[in-house]
Amino acid sequence: MIKMAWGALRTRPASFAGLATALFLAVSVITMFGSMVAAATTTEGGSDLALIGGAFGEIAMIMAMFVAVTTLGFAIRGQYRDLALLRTVAATPRQVRRLVRFQVAGLILLVSPPAWAAGAVAARSFLSALVDRGLAPAGAIVPGNPLPPLIATLATVLVGLLAAVFATWRISRGTPSAAMAGTSAETGRIGWFRTLLGLIVVGGVGVLCGFLVGQEPDEAAQAALLGALASMVALALLGPLPARIVVTLLGLPLRLLRGGESGGWLAAVNTRGHAHRLSSAVVPIALLVGLSTTFMVITDTMRHHMAGVLPDAVSDDDVWLRGVEVAMLALFGTVATLNTLISLTTARKREYALLTLIGATKRQLVRMLAAESVLTALTGVVLGVAIAAPVSIAFALSLTDDPVPYVSMGDYAPILIGAVLLAVTAEMVAGLRTIALDPATTVTAP
Amino acid sequence: MSLFGNEQVYGVRPEGGGAGREIRVRGLRREFKRGGGRVHALQGVDVTFAPGSFTAVMGPSGSGKTTLLQCVAGMDRPTRGAVHWGPTEITRLREHKLARLRRSTVGFVFQAYNLMPAMTVAENVVLPTRLMGGRVDRARVGRVLTQVGLGGCEKERPGRLSGGQQQRVAIARALYNQPEILFADEPTGALDRNTGREILRLLREGVEEHGRTCVMVTHDPLAASFADRVLMMTDGELVEDLTRPSAAVIAEKLGGLS
């Protein structure tokens with residue numbers, strides 16, 4: 001069974017490389033902030049340090065886990081067909097679940113040592129930057145404590161195994177023939193449990209928004225970030241529905257381009273028809289955009305509002321901290337986006353091959369790919385902004401009576417453009433490589 | 001080349017040839033939810049497959065023949081009714097128990113081969129054994145592959161083989177554990193006539209030499225003529241039960257159904 005688990009890892013390096021990266025980030029981030037907390041407890045007057053590390057770390061850790069969990073679900077869904085095949089040759093449901101557990105735990109243990117090292121290095125440089133800015137007492141050091149790395153790996157394994165339970169739910173329950181049928185037809189429908197969970201999270205975001213209106217700026221900022229993360233979770237849970245609505249609207253102009261080579265029409269129909277796949281592609285882009293937007297809004301609105309109230313030095317430090325956090329979240333978002341788009345596009349090689357065999361020209365495929373990637377990227381951006389909107393408005397209301405948050409376009413536009421460029425490039429590069437494969441052998445491959 | 005005829009290849013079956021389990025199917029119904037409505041794939045099927053018999057199940061597409069095979073083979077669960085393998089009512093077993101019983105008793109050959117692309121031919125053949133936690137006998141893998149005409153292909157990947165060769169790997173996988181019962185869903189559906197005939201000969205010899213029970217779904221009258229008994233279905237019901245019919249008779253009856 002262990003050999004089989006590694007066999008699957010070996011033959012799908014692309015899908016598992018992404019997962020390994022996400023798990024690596026999760027372990028390193030927890031190690032990093034665990035080390036910060038350890039540094040705070042051993043440093044005199046380290047309570048401020050604990051505060052900064054805690055506030056900063058909690059968002060980063062939740063984000064790291066979110067990315068790890070979505071990537072994991074993705075990697076497991078990528079081998080649904082293989083797992084269903086195992087069921088048809090009489091693997092028990094338990095064996096299928098165990099195979100996946102081996103993969104998850106094994107991969108986490110594999111990436112742990114380098115992740116510990118990376119986390120320790122990051123903690124040291126972050127701490128010295130804090131000391132340089134006078135945000136931490138001089139002489140504060142990260143102690144050589146084995147607890148943070150251990151906790152990091154344990155926590156990631158626990159979360160990973162829990163995520164694996166959900167990801168293998170469909171494939172390891174029911175009959176082999178149902179498992180097999182489930183791999184060929186992704187309906188895009190989501191179960192009642194997931195819908196309910198999603199609605200509960202949406203309700204939670206609403207409550208949080210109401211709560212943060214009456215808060216002090218610092219608490220309101222933290223609550224807004226948490227709210228943005230919770231909205232992301234809700235999008236990930238309810239994904240196909242909002243994704244489908246947005247893509248249908250955005251795809252209208254493409255559908256009108258029926259004449260000529262009809263690559264746009266093909267793309268619009270294709271993208272809307274695969275709501276499930278689309279929502280997987282859109283979530284990381286929305287994550288990237290939604291969290292960056294929330295950050296921008298908080299930072300800019302606060303600075304705008306506080307101008308003249310706080311000494312410049314204090315607000316500069318604050319901005320610096322937020323900048324580091326945005327960079328970190330952007331890193332997670334980028335990893336998730338690249339991983340998801342590349343594996344989704346590569347997984348469609350059979351579909352591209354079929355289109356070629358029934359007479360689509362390479363040019364049509366490239367056009368379709370281009371239209372699809374733009375459509376996917378824009379849908380992600382729209383959903384990301386939509387996710388950031390409620391918490392941003394609530395945050396603006398907590399500072400002023402004006403519900404319109406202040407955003408500096410000079411800072412904000414590069415993020416939106418960057419997200420679109422990243423998504424389009426990833427999908428195009430992966431897609432062009434996939435199109436270049438020989439269609440006849442791709443279609444007949446087992 | 002003698003296929004399956006050689007006792008040294010498979011050893012002596014513990015129960016002795018022909019003493020396998022009878023398969024009893026009673027009141028089998030299977031409904032699917034499709035769109036808003038319900039599809040009645042099986043509308044009350046009663047049939048018994050004698051140990052050591054070779055049965056072909058035929059019918060137009062949508063007649064329920066594959067659903068019947070999947071329910072009888074324990075790959076799918078009927079909405080109502082019971083399937084017995086000998087004394088065991090498999091429709092009452094929980095999924096993991098059924099999976100265990102299936103891999104020790106039953107082999108299944110699919111039209112789409114269902115091989116693991118990432119594994120070598122030999123790894124595919126021993127996969128069910130691996131899943132049982134059983135010991136892998138390399139010599140036996142070699143012998144089974146030789147028997148299906150794939151000697152020396154152990155290290156190949158399925159993707160490099162032709163359709164007929166892939167189906168032989170699937171048959172080798174199904175036969176490696178010397179199952180009492182072999183189910184085959186359109187095993188020759190994706191193959192040319194000659195290759196198909198060799199596959200059918202393999203199934204036939206397993207029945208004759210080892211008393212294996214074989215149930216095969218097919219739409220090809222020539223393939224069905226390899227069987228002792230031919231069942232015909234329409235609209236989820238059995239409508240014909242023929243004993244050793246010729247391909248011509250099968251084609252004529254089949255023509256009358258659609």
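Up top is the structure.
Residues numbered from 1 in each chain as written. Chains lettered and ligands numbered in written order. Predicted model: local features only at pLDDT ≥ 70, side-chain atom pairs only at ≥ 80, totals over all residues. Heavy atoms only, no water.

Some remarks on the overall build of chain A
Note the cut-off: The numbering of helices and of strands both runs from the N terminus, where a helix is a DSSP run of H or I of at least 4 residues and a strand a run of E of at least 2. Classification of residues uses two cut-offs on accessible area relative to the type maximum, computed with a 1.4 Å probe and protein chains only: under 20% is buried, over 50% is exposed, and between them is partly exposed. In this description, contact between two residues means that some pair of their heavy atoms is separated by no more than 4.5 Å. Residue burial considers only the protein chains on display, and all accessible areas are found by Shrake-Rupley using a 1.4 Å probe.
When its secondary structure is counted, chain A shows 18 helices and zero strands. Taken across its 446 residues, chain A has 51% of its residues classed as buried. Once local pairs closer than 6 in sequence are excluded, the contacts in chain A between residues at least 24 apart make up 87%. Of the accessible surface of chain A, which amounts to about 19200 Å², a share of 70% is contributed by carbon and sulfur atoms.

Points about the environment of Glu198(B)
Residues and elements named next belong to chain B. The test is simple: We define a polar contact as two N or O atoms separated by no more than 3.5 Å, with the added condition that, inside protein, one atom must be a possible hydrogen donor and the other a possible acceptor, whereas residues neighbouring each other in sequence contribute only through side-chain atom pairs.
By the secondary structure assignment, Glu198 is in helix H8 (residues 193–210). Along the sequence, Glu198 and Gly149 sit 49 residues apart, while their C-alpha atoms lie 9.7 Å from each other. A polar side-chain atom of Glu198 sits 2.9 Å from a polar atom in the side chain of Arg168.

Here we look at the interface of chain A and chain B
Here is the rule we go by: In short, buried area is how much 1.4 Å probe accessible area vanishes from two parts on joining, totalled over both. Each residue is assigned to one class: nonpolar for Ala, Val, Leu, Ile, Met, Phe, Trp, Tyr, Cys and Pro, charged for Asp, Glu, Lys and Arg, and polar for all the others, Gly among them.
At the interface, 24 residues of chain A touch 28 residues of chain B. Buried surface at the junction of chain A and chain B, summed over both partners, amounts to about 2200 Å²; 63% is from carbon and sulfur atoms. If you look at where chain A meets chain B, you find nine residue pairs in polar contact (both at pLDDT 80 or more). The set of elements that each furnish at least two residues to the side of chain A that touches chain B consists of helix H1 (2–11), helix H4 (80–88), helix H5 (93–132) and helix H8 (176–184) of chain A. Looking at side-chain class alone, the side of chain A that touches chain B contains 11 nonpolar, seven polar and six charged residues.

Some remarks on the sheet that holds strand E6 (residues 106–109) of chain B
Strand pairs in the sheet, formed through backbone hydrogen bonds, run parallel or antiparallel to each other. Residue and element names in this part refer to chain B. Note the cut-off: When DSSP finds two or more bridges between a pair of strands, those strands are recorded as paired. Helix axes are fitted to C-alpha atoms over the stretch in contact, other axes to C-alpha atoms as well, and angles between N-to-C directions run from 0 to 180 degrees.
Spatially, the six strands line up as an open sheet ordered E6-E7-E8-E3-E9-E10, and their pairing is mixed. The open sheet has two free edges, formed respectively by E6 and strand E10 (237–243), since each of these has just one partner strand. Averaged over all pairs of adjacent strands, the angle between their axes in this sheet comes to 15°, without regard to strand direction. Taken together, the four bridges between strand E3 (residues 54–58) and strand E9 (residues 229–234) define a ladder with parallel strand orientation. Following the sheet pairing, Val57 is matched in E9 by Leu231. In the packing of helix H7 (residues 163–175) onto the sheet, the strands contacted are E6 and strand E7 (181–185), and the crossing angle to E6 comes to about 170°. Across the sheet, helix H10 (residues 247–257) touches E3, E9 and E10, and the angle it forms with E9 is around 10°.

Quick look at H8(B)
All names here are of chain B. Here is the rule: Given a helix with a known number of residues, its expected span is that number minus one, times 1.5 Å.
Along its 18 residues, H8 runs 25 Å from first to last C-alpha, staying within 8% of the 26 Å computed at 1.5 Å per residue. Restricting attention to buried positions, one finds in H8 the residues Thr195, Gly196, Ile199, Leu200, Leu202, Leu203, Arg204, Glu205, Gly206, Val207 and His210. In this structure Asp192 caps H8, since a side-chain oxygen of it lies 3.1 Å from the backbone nitrogen of Asn194. Residue Gly211 follows H8 closely and has a positive phi angle near 60°.

Observations regarding the packing of aromatic side chains
Note the threshold: Planes of paired rings set the category: under 30 degrees apart is stacked, over 60 is edge-to-face and the rest tilted, where pairs are Phe, Tyr or Trp rings (Trp by its six-membered ring) whose centres lie within 6.5 Å. Sitting over a ring, as applied to charges here, requires NZ of Lys or CZ of Arg to be within 6 Å of the ring centre and within 35 degrees of the ring normal.
Throughout the structure, instances matching the rule amount to four aromatic pairs over all chains. Centre to centre, the rings of Trp192(A) and Phe193(A) are 5.9 Å apart; their planes meet at 85°, and the pair counts as edge-to-face. Overall, the relative accessible area of 43% leaves Phe193(A) in the partly exposed class. Judged by centre distance (6.2 Å) and plane angle (35°), the rings of Phe108(B) and Phe183(B) are tilted. Placement of Phe108(B) in strand E6 and of Phe183(B) in strand E7 is noted, with a sequence separation of 75 residues between them. The residues Phe108(B) and Phe183(B) share a single accessibility class, namely buried. What links up through ring pairs into an aromatic cluster is the set Phe108(B), Phe110(B) and Phe183(B). Note that Arg140(B) overlies the ring of Tyr176(B), its terminal NZ or CZ placed 4.7 Å from the centroid.

Quick look at the side chain of Thr195(B)
Note on placement: Thr195(B) falls in helix H8. If we skip the residues at most four places from it in the chain, Thr195(B) touches Gly164(B) and Arg168(B).

Some words on the pattern of salt bridges
Once the charged atoms of two side chains with opposite charge are near each other, the side chains can pair. Residue and element names in this part refer to chain B. The condition that has to hold: Each salt bridge in this description consists of a side-chain nitrogen of Lys or Arg and a carboxyl oxygen of Asp or Glu lying within 4 Å of one another.
Applying the stated criterion across every chain yields a total of 16 salt bridges over all chains. A salt bridge links Arg160 to Glu156, with the nearest nitrogen and oxygen atoms 3.1 Å apart. For Glu156, a relative accessible area of 28% puts it in the partly exposed group. A salt bridge links Lys253 to Glu240; its shortest N-O distance comes to 3.7 Å. Of this pair, Lys253 sits in helix H10 while Glu240 sits in strand E10, and the two are 13 residues apart along the sequence. Of the residues examined, Lys253 reaches a relative accessible area of 34% and is grouped as partly exposed. Here the salt bridges share partners, and the residues they tie into one network are Arg204, Glu208, Asp228 and Arg244.

Description of the sheet that holds strand E5 (residues 88–89) of chain B
All names here are of chain B. Within the open sheet, the four strands sit side by side as E2-E1-E4-E5. Their pairing is antiparallel. Looking at which strands have only one partner, the edges of the open sheet turn out to be strand E2 (37–49) and E5. Judged from the five bridges that link them, strand E1 (residues 23–34) and strand E4 (residues 80–85) form a sheet pairing that is antiparallel. Across the sheet, the residue bridging to Arg29 is Arg80, located in E4. Along the sheet, helix H2 (residues 65–72) makes contact with E1, E2 and E4, crossing E1 at roughly 120°.

Some points on the pairing of E10(B)
Bridge count for E9(B) against E10(B) is six bridges, and the pairing is antiparallel. Opposite Val230(B), over in E10(B), you have Leu242(B) as the bridge partner.

Structural notes on the environment of Ala73(B)
Residues and elements named next belong to chain B. In this structure, Ala73 sits in the loop between H2 and E4. Between the alpha carbons of Ala73 and Leu98 there is a distance of 9.9 Å; along the sequence they are 25 residues apart. With sequence-adjacent residues up to four places away left out, Ala73 is seen in contact with Trp85, Arg102, Phe108 and Phe183.

Notes on a nonpolar patch on the surface
All names here are of chain A. Keep this limit in mind: Excluding any residue in a salt bridge, patches collect residues exceeding 30% relative accessible area, merging like charges within 9 Å and nonpolar Val, Leu, Ile, Met, Phe, Trp and Tyr side chains within 5 Å.
A surface patch of nonpolar side chains, amounting to about 970 Å² of accessible area, comprises Leu162, Val165, Phe166, Trp169, Trp192, Phe193, Leu196, Leu197 and Ile200. When residues of the nonpolar patch are traced back to their parent elements, those giving at least two are helix H6 (147–167) and helix H9 (192–212). Considering every element that reaches the nonpolar patch, the biggest residue donor is H9, with five residues. On the secondary structure map, Val165 appears in helix H6.

What about the side chain of Thr120(B)?
Residue and element names in this part refer to chain B. Along the polypeptide, Thr120 turns up in the loop between E6 and helix H4 (121–125). The class for Thr120 is buried, based on a relative accessible area of 14%. Look past the residues within four positions of Thr120 in its chain and what remains in contact with it is Glu154, Lys155, Glu156 and Arg157.

Some details on H2(B)
All names here are of chain B. Most of H2 is tucked away, with seven of its eight residues classed as buried. Every buried residue belonging to H2 is among Lys65, Thr67, Leu68, Leu69, Gln70, Cys71 and Val72, and all of these are buried. Two residues or fewer past H2, Gly74 is found with a positive phi of approximately 75°.

Remarks on the nonpolar core
Residues and elements named next belong to chain A. Basically, it comes down to this: Side-chain atoms within 4.5 Å are what join buried Ala, Val, Leu, Ile, Met, Phe, Trp, Tyr and Cys residues into a set we call a nonpolar core. Boundary definitions for the domains trace back to an automatic or database domain assignment.
In this structure, Phe33, Phe332 and Phe395 are the most contacted members of the largest nonpolar core, which totals 102 residues. Ranked by the residues each element gives to this core, the list is headed by helix H2 (residues 13–42), at 15 residues. Built from parts of two domains, this core gets at least three residues from each of domain 1 (1–185) and domain 2 (189–446). With sequence-adjacent residues up to four places away left out, Phe33 is seen in contact with Gly53, Phe56, Gly57, Ala60, Met61, Phe126 and Met328.

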